[in-house]
Amino acid sequence: MREERISPLDVALEQLRITAEKTDLDPGIHEMLKYPKRSLVVSIPIKLDNGEVSVFMGCRVQHNGARGPFKGGIRYHPDVTLDEVIALAMWMTWKCAVVDIPYGGAKGGVSCNPKLMSKSELERLTRRYTNALLDIMGPFRDVPAPDVYTDEQVMAWIMDTYSQFRGYTVPECVTGKPLILGGSEGRVEAAARGAFICGREAVRRLGMKMKGAAVAVQGFGNVGWNAAKIAYDTGCKIIAVSDSSGGIYRKQGLNPYEVYEHKKKSGSVVAHKGSEKITNEELLELECDILIPAALENQITTVNAKNISAKIVAEGANGPTTPEADRILFEKGVFLVPDILANAGGVTVSFYEWVQNLEREHWPLEEVNSKLENKMVKSFNDVYETAKKEKTDMRTAALMLGIGRVGEAIKTLGIWP
Ligand code: NAD
């Protein structure tokens, strides 16, 4: 990972500061938004398969709920810290407001290495963690979803644990579930589809063409793999992809379906037939039309921003770019679609899943995708028009919209008592 010593929380607070200054945000509301409403830190003891006990740190942060129930993913990763989760929860608050869905922002995390754990250890960890969150989660309180290294199976265990304690089945307590348990069509690829739609809209604005556009994707998990697949199916050329073990490059283009099969067998995209090995750092600096960072935070920093050669950056990941790097990219003329817009397709279809669960309905894929398409295009246009009007970059414009809506909601509700 690139080293510019700035934590995700510093990034999130700096973005809030810049936006507050630009919008003359009420100082009291600015102060309120710097801190989460609630942070719960829990220890999660579980029995490992060898009979020993191991204890993991877990947390859930609820940042602001002025616009609706808290919503946000759960991350399992060795680098999870409370500060990181606070930053991610804050971004969720702005994100839900940018795409105008009635949720507040939250995030959860467990500091663990799921790659070194068995399926049954992960199940015990998930159930014990869910048990620790019981008092603060629920369909109208806080609704978790998948994030890095958590998936549909983890969501199924969360739903079951919550339901066991309530005494009846509550599918609407979590989203990103398997279809058989009330998951939504299109949820698995929703964040990637949203990022793709944003990339496509940016291509249109720049007068470029999607057909044959060179795309590089960092991270080959839920967001990265699906983004590569959707872009490939639309006629883009996927010139590079990567994961935590490194990256691969092929000037003439890779077939992401074949790369996916290779990763399934070997555990990584690296050493895929006919490709050249590159590092994650090199991937970010490749000359391409669209760069999709879809891994972790702090990837584009002052160290490499001046070397970014992509025309468009569509942030599939949360927080991949630091504020100083933002400024460098803007000055270079790179069209950056910020995370709180670009990856908002995930929470949008999570919202659709929640609505379907509450109504006991199941919508067809075409309906979900068409609602998502309309939502993303409208949100992109709102941010683009704001950026033009305010003569600023897309990140600041998105933050102005999101934070503005949250601030307005708080003001209208009033500060109780
Ligand atoms: P995932 O666990 O499915 O995939 C993560 C990928 O990143 C894996 O391919 C992993 O190998 C790779 N990776 C990990 N460390 C890396 C490193 N140091 N360098 C390069 N690659 C690395 O996770 P995901 O759900 O695809 O999430 C990826 C990003 O997208 C995160 O920032 C997440 O917060 C964001 N996001 C996810 C969703 C969602 O619905 N899953 C929605 C919005 C945003």
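Above this text sits the structure in question.
Residues numbered from 1 in each chain as written. Predicted model: local features only at pLDDT ≥ 70, side-chain atom pairs only at ≥ 80, totals over all residues. Heavy atoms only, no water.

Participant: How should I be thinking about the pattern of salt bridges in this particular structure?
Facilitator: Per the stated rule, a full pass over the model turns up 32 salt bridges. Between glutamate 123 and arginine 127 there is a salt bridge, and its shortest N-O distance comes to 2.9 Å. Here glutamate 123 pairs with arginine 127, and both are found in helix 4 (residues 119-133), just four residues apart, close to one helical turn. Under the relative-accessibility criterion, glutamate 123 is labelled partly exposed at 27%. Given a relative accessible area of 25%, arginine 127 falls into the partly exposed group. Among the ionic pairs, lysine 371 bridges to glutamate 367, the shortest N-O distance being 3.1 Å. (Salt bridge = Lys/Arg side-chain N within 4 Å of Asp/Glu carboxyl O. Helix = DSSP H or I, 4+ residues; strand = E, 2+ residues; numbered from the N terminus. Buried < 20%, exposed > 50% of the residue type's maximum accessible area, 1.4 Å probe, protein only.)

Participant: I'm lost on the nonpolar core in this one. Help?
Facilitator: In summary, soluble globular proteins display a tendency toward joint burial of nonpolar side chains. Formed by 86 residues in total, the largest nonpolar core has its most connected members in Leu33, Trp94, Val241, Leu341 and Phe380. Element by element, the count of residues in this core is highest for helix 3 (residues 82-98), at 12 residues. The residues touching valine 241, leaving out its near neighbours within four places in the chain, are Val217, Phe220, Gly247, Ile248, Leu254, Val259, Val269 and Leu283. Formed by 25 residues, the second largest nonpolar core is a distinct cluster that contains Val42, Phe56, Val110 and Met117. (Core = buried A, V, L, I, M, F, W, Y, C linked by side-chain atoms within 4.5 Å. Contact = heavy atoms within 4.5 Å.)

Participant: What should I look at first to understand the site of the ligand in this one?
Facilitator: Around the ligand, 22 residues are found, and the nearest of them are Asp147, Tyr149, Asn222, Val223 and Asn318. At a separation of 3.4 Å, an oxygen atom of the ligand approaches a polar backbone atom of glycine 316. Between asparagine 318 and the ligand, the recorded distance is 2.8 Å, taken from a side-chain N or O atom to an oxygen atom. Within the complex, 90% of the 830 Å² of free accessible area of the ligand lies under protein. A breakdown of the residues in the shell around the ligand according to their chemical character gives nine nonpolar, nine polar and four charged. (Near = heavy atom within 4 Å. Polar contact = N/O pair within 3.5 Å; in protein donor to acceptor, adjacent residues only side chain to side chain. Areas by Shrake-Rupley, 256 points an atom, 1.4 Å probe, with all protein chains shown as cover. Nonpolar A, V, L, I, M, F, W, Y, C, P; charged D, E, K, R; others polar.)

Participant: Mind showing me how you'd approach the sheet that holds strand 3 (residues 70-76) here?
Facilitator: Working definition: the strands of a sheet are paired by backbone hydrogen bonds and lie parallel or antiparallel to each other. Read across the sheet, five strands follow the order 1-2-4-3-5 without closing on themselves; strand pairing throughout is mixed. Each of the sheet's edge strands pairs with one partner strand only, and the pair in question is strand 1 (38-47) and strand 5 (142-146). On average, adjacent strands in this sheet sit at an angle of 20° to one another, irrespective of strand direction. In the sheet, strand 2 (residues 53-64) pairs with strand 4 (residues 104-111) via seven bridges, with the strands oriented antiparallel. Among the inter-strand pairings, glycine 58 is bridged to a residue of strand 4, identified as valine 110. (Pairing = 2+ DSSP bridges. Axes fitted to C-alpha atoms, helices over the stretch in contact; angles between N-to-C directions.)

Participant: How should I be thinking about a positive patch on the surface in this particular structure?
Facilitator: Side chains of Lys37, Arg38, Arg141 and Arg166 sit close together on the surface and give a patch of like positive charge. Inspection of the secondary structure assignment puts arginine 141 in the loop between helix 4 and strand 5. What makes arginine 141 partly exposed here is its relative accessible area of 47%. (Patch = residues over 30% accessible without salt bridge, like charges linked within 9 Å, V, L, I, M, F, W, Y side chains within 5 Å. Lys, Arg positive; Asp, Glu negative; His and termini not counted. Charge placed at Lys NZ, Arg CZ, Asp CG, Glu CD.)

Participant: So what exactly am I meant to see when it comes to the packing of helix 1 (residues 8-23) against helix 3 here?
Facilitator: Each packed pair of helices is defined by two parameters, the angle between the axes and the distance between the axes. Two elements in contact, helix 1 and helix 3, have axes separated by 7 Å at closest approach and are oriented at 35°. The two elements helix 1 and helix 3 meet at a crossing, and its hand is left-handed. Residues Pro8, Leu9, Val11, Ala12, Leu13, Gln15 and Leu16 of helix 1 touch helix 3, and the partners they reach there are Asp83, Glu84, Ile86, Ala87, Met90, Trp91 and Trp94. By residue class, the composition of the contact of helix 1 with helix 3 is 11 nonpolar, one polar and two charged. (Left-handed = near helix turned anticlockwise from the far one by under 90°.)

Participant: What is the right way to look at the pairing of strand 10 (residues 290-293) in this model?
Facilitator: Regular strands place their side chains on alternate faces of the sheet. Neither face of strand 10 is exposed, since Ile290 and Ile292 on one face and Leu291 and Pro293 on the opposite face are all buried. Judged from the four bridges that link them, strand 6 (residues 214-218) and strand 10 form a sheet pairing that is parallel. Each residue of the ladder has a partner; that of valine 217, found in strand 10, is isoleucine 292. The pairing of strand 10 with strand 11 (residues 312-314) spans two bridges and is classified as parallel. Each residue of the ladder has a partner; that of leucine 291, found in strand 11, is valine 313.

Participant: What is the right way to read the pairing of strand 2 from this model?
Facilitator: Here strand 1 runs beside strand 2; their pairing, made up of 10 bridges, is antiparallel. Pairing of valine 41 across the sheet is with cysteine 59, part of strand 2. With antiparallel pairing between neighbouring strands as the criterion, strand 1 and strand 2 make up a hairpin whose turn holds five residues, including glycine 51 at a positive phi of roughly 95°.

These figures capture arrangement, not role.
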